[in-house]
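# Breakdown of the fold
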Amino acid sequence: MYETQDVIASILPQLFEHSDILITKLAPELFQSIRNTPLETTDPTNALIERAIAIIHAWNAHEQAEFIAAHPRIGAIKQLSALSAKEQSGGLSATTRLQTPPEVLKRLEHLNACYERVYSGLRYITFVNGRTRAAIAREMEDKLQLGHPLESYPDGPPLNEPTAESLTCVAKNSEDWLHELTRAVDDVGKIAKSRQKSLGL
């Protein structure tokens, strides 16, 4: 089914967010890997995703970080692919997506800045799996060991606290940083498998 590099290059952007590294590095490496060891035939697209994630894990940290950076930030509402928009909305319609409370979007914007301060060079990736943006905000707060001001909004703490600059940075390429990178790549794989199911591939 995936016998040429062109076919592989055409399917990858349907499963992963489009990026230069997806086409210029992953596609040819995946093609060569499949030539050497053919994919399982019972579910070739699932096997393709698993092979792709294994290849990405073998890349250096800079390349892996470049790959996950193609995914939009949690809570972004502009320049989203149709699949990303649906995933971030918990599978809701476009009309309902627009009704995400502004305070949730504001908190997510701040949490993205906090995360990217703590884990310099990384972007927060999570398999949304039907959850609301408010639920993802709580997940990010737990990851960063922050409070949950949305639960007491508007009477609780400001949504932009603590400041990103006040947070302690995790050393780049440290065990903690690399663990977070690995988790993000694995979640990209979960997202890809969910897209496979949605698209019937």
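Starting afresh in each chain, residues are numbered from 1 along the sequence in its written order. Residue-level local features of this predicted model are given only where pLDDT is at least 70; pairs of side-chain atoms are given and counted only at 80 or more, and the full residue set underlies all totals for whole chains, interfaces and linings. Water and hydrogen atoms were dropped before computing side-chain values, which therefore reflect all heavy atoms in the structure.

### Digging into the confidence of the model for the chain
Segments scoring low in pLDDT should not have their predicted coordinates read at a detailed level. Every residue carries a pLDDT, the predictor's confidence in it, which falls somewhere between 0 and 100. For the chain, mean pLDDT is 91; residues scoring 70 or higher make up 90% of the total. Confidence drops under pLDDT 50 across residues 93-97; counting only partners more than four residues distant or on other chains, this segment forms five contacts. We call two residues in contact when some of their heavy atoms are within 4.5 Å.

### Let's talk about helix α7 (residues 102-118)
Segments assigned H or I by DSSP are reported as helices when at least four residues long, segments assigned E as strands when at least two residues long, and all are numbered from the N terminus. Here the expected span of a helix is defined as 1.5 Å times the quantity of residues minus one. Taking 1.5 Å of rise per residue, 17 residues should cover 24 Å, and α7 covers 24 Å from first to last C-alpha, within 8% of that figure. Partly exposed describes any residue whose relative accessible area lies between the buried limit of under 20% and the exposed limit of over 50%, with all areas from a 1.4 Å probe on protein chains only and scaled to the type maximum. Among all positions in α7, only Val-104, Arg-107, Leu-108, His-110, Leu-111, Asn-112, Cys-114, Tyr-115 and Val-118 are buried. Tucked into the core, α7 has its buried residues touching α8 (133-144) and α9 (175-199).

### Overview of the packing of helix α2 (residues 20-36) against helix α3 (residues 44-57)
Note on geometry: axes are C-alpha line fits, over the in-contact stretch for helices, and angles between N-to-C directions span 0 to 180 degrees. For the pair α2 and α3, interaxial distance at closest approach is 10 Å and the crossing angle is 115°. Classified by the interaxial angle, the pair formed by α2 and α3 is roughly perpendicular. Relative to α3, α2 is oriented so that their crossing is right-handed. Contacts from Leu-26, Glu-29, Leu-30, Ser-33 and Ile-34 of α2 reach α3 at Leu-48, Arg-51, Ala-52, Ile-55 and Ile-56. Tallied by class, the residues present in the contact of α2 with α3 amount to seven nonpolar, one polar and two charged. Any angle between 65 and 115 degrees counts as roughly perpendicular, while under 35 counts as roughly parallel, over 145 as roughly antiparallel, and the rest as oblique. Should the near helix be turned anticlockwise from the far one by less than a right angle, the crossing is left-handed, and should it be turned clockwise, the crossing is right-handed. Amino acids outside the nonpolar list (Ala, Val, Leu, Ile, Met, Phe, Trp, Tyr, Cys, Pro) and the charged list (Asp, Glu, Lys, Arg) are all regarded as polar, and Gly is one of them.

### What to know about the side chain of Arg-183
Within the secondary structure, Arg-183 is located in helix α9. Beyond its immediate sequence surroundings of up to four residues, Arg-183 is in contact with Tyr-115, Tyr-124, Ile-125, Thr-126 and Lys-143.

### Some words on unusual backbone geometry
The linkage connecting Tyr-153 with the following residue, Pro-154, adopts the cis geometry, with an omega of 5°. Residue position: Pro-154 is located in the loop between α8 and α9. Note that the residue after Glu-161, namely Pro-162, is joined by a cis bond; omega there is -5°. Structurally, Pro-162 is set in the loop between α8 and α9. Not every positive phi belongs to a glycine, and Asn-129 is a case in point at roughly 55°. Structurally, Asn-129 can be placed in the loop between α7 and α8. The backbone of Gln-145 shows a phi angle near 60°, a positive value even though the residue is not glycine. Of note, Gln-145 is situated in the loop between α8 and α9.

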